[in-house]
Amino acid sequence: LVFDPERWLGTRPNAYTFPQFQAGPRVCIGQVLAITEAKAGLVAIFSRFTLTRTSPDPAHYSVAFALRMRDGLPVHVQRRQR
């Protein structure tokens with residue numbers, strides 16, 4: 001075996017390409033917990049703070065390991081009144 005990360009360029013593996021990690025009867029046992037914790041964290045943030053974009057320009061995306069904003073997404077964070 002040779003380390004060759006360029007072998008992934010131009011390919012789009014689906015969840016069943018490597019089923020031991022993402023699909024099938026042996027899916028990662030922590031996957032559901034991780035997604036639930038992420039949702040709970042976002043609920044905690046959005047219930048306590050208001051986020052508003054600081055730029056009217058449209059967002060531009062950068063394709064990488066995960067989809068992300070090319071130039072970031074500047075926001076103004078303000079604590080909600082209780």
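Just so you know, the residues in each chain are numbered from 1, in the order the chain's sequence is written. This being a predicted model, a pLDDT of at least 70 is required before a residue's local features are given, and a value of 80 or more before pairs of side-chain atoms are given or counted; all residues contribute to the totals for chains, interfaces and linings. Excluding hydrogens and water, the side-chain figures rest on all heavy atoms present in the structure.

*Asks:* Explain the environment of Thr-54 to me, please; I cannot follow it from the model alone.
*Replies:* Helix numbers and strand numbers start at the N terminus; a helix is a DSSP run of H or I with at least 4 residues, a strand a run of E with at least 2. By secondary structure assignment, the location of Thr-54 is in the loop between β1 (49-53) and β2 (61-62). For the pair formed by Thr-54 and Phe-3, sequence separation is 51 residues and the distance between their alpha carbons is 42 Å. Note on contacts: a residue pair qualifies if any of its non-hydrogen atoms lie within 4.5 Å across the two residues. Once you skip the residues sitting within four places of it in the chain, Thr-54 turns out to touch Pro-74, Val-75 and His-76.

*Asks:* Help me understand the layout of surface pockets, please; the structure alone is not making it clear to me.
*Replies:* Where empty space is left can be seen by rolling a probe of water-molecule size over the atoms. Cavities and pockets are defined on a 1 Å grid built over the protein atoms alone: a cavity is a set of grid points where a 1.4 Å probe fits but cannot escape, while a pocket is an open set with protein on both sides within 12 Å along at least five of seven lines, and lining residues are those with an atom within 4 Å of any such point. Grid points are joined across faces, edges and corners, and a volume is the space filled by probe spheres set on the points. Volume-wise, the largest pocket comes out at about 330 Å³. What lines the largest pocket is Pro-5, Trp-8, Leu-9, Gly-10, Thr-11, Arg-12, Pro-13, Val-63, Ala-64 and Phe-65. Here the lining of the largest pocket is built from residues that sort into seven nonpolar, two polar and one charged. Three residue categories are used. Nonpolar comprises Ala, Val, Leu, Ile, Met, Phe, Trp, Tyr, Cys and Pro, charged comprises Asp, Glu, Lys and Arg, and polar comprises the others, including Gly.

*Asks:* Would you mind showing me how to read the side chain of Ser-62 here?
*Replies:* Its location among the elements puts Ser-62 in strand β2. Each residue is assigned to one of three classes by its accessible area relative to the maximum for its type, calculated with a 1.4 Å probe on protein chains only: buried under 20%, partly exposed between the two thresholds, exposed over 50%. Since its relative accessible area comes to 19%, Ser-62 is described here as buried. With residues up to four places along the chain from it excluded, the contact list for Ser-62 reads Leu-67, Arg-68, Met-69 and Arg-70.

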